[in-house]
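Secondary and tertiary structure notes
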Amino acid sequence: MPAAQSSTPPDRRLIAVGAISRHGGRTTTVRATEAGVTGTITNVCPTCRRIFEACTCTGGAR
């Protein structure tokens, strides 16, 4: 019987990680990759919960 060979696991690396949080009509999105970190803060209509640019109800009037 051959002896058991030890093998090392392949190197692992982070591909991407992200988070989305919603607080009081504002959505914050953050994404981190090897290339860097990106993020956006988006205001949403309190009535229909769509971003203001896509809102068609009267609650989105600014």
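Above this text sits the structure in question.
Residues numbered from 1 in each chain as written. Predicted model: local features only at pLDDT ≥ 70, side-chain atom pairs only at ≥ 80, totals over all residues. Heavy atoms only, no water.

1. Quick look at the environment of T28
We count it as follows: Helix numbers and strand numbers start at the N terminus; a helix is a DSSP run of H or I with at least 4 residues, a strand a run of E with at least 2. Burial classes: relative accessible area under 20% of the type maximum marks a residue as buried, over 50% as exposed, and values in between as partly exposed (1.4 Å probe, protein chains only). Residue contacts are counted whenever heavy atoms from the two residues lie within 4.5 Å of one another.
Checked against the element boundaries, T28 lands in strand β2 (residues 26–33). We classify T28 as partly exposed; its relative accessible area is 26%. As a C-alpha pair, T28 and T40 span twelve residues in sequence and 5.8 Å in three-dimensional space. Excluding residues within four positions of it along the chain, T28 makes contact with A19, I20, S21, T40 and I41.

2. As for the environment of N43
Here is the rule: Any pair of N or O atoms that falls within 3.5 Å is considered a polar contact. Within protein, one atom must be able to donate a hydrogen and the other to accept it, and sequence-neighbouring residues count only if both atoms are side-chain atoms.
Looking at where N43 falls in the secondary structure, it is placed in strand β3 (residues 36–43). As for N43 and R26, which are separated by 17 residues in sequence, their C-alpha atoms are 4.6 Å apart. N43 has contacts with G25, R26, I51 and F52, leaving out every residue within four places of it along the chain. In this structure the side chain of N43 is engaged in a polar contact, spanning 3.1 Å, whose partner is the side chain of R26.

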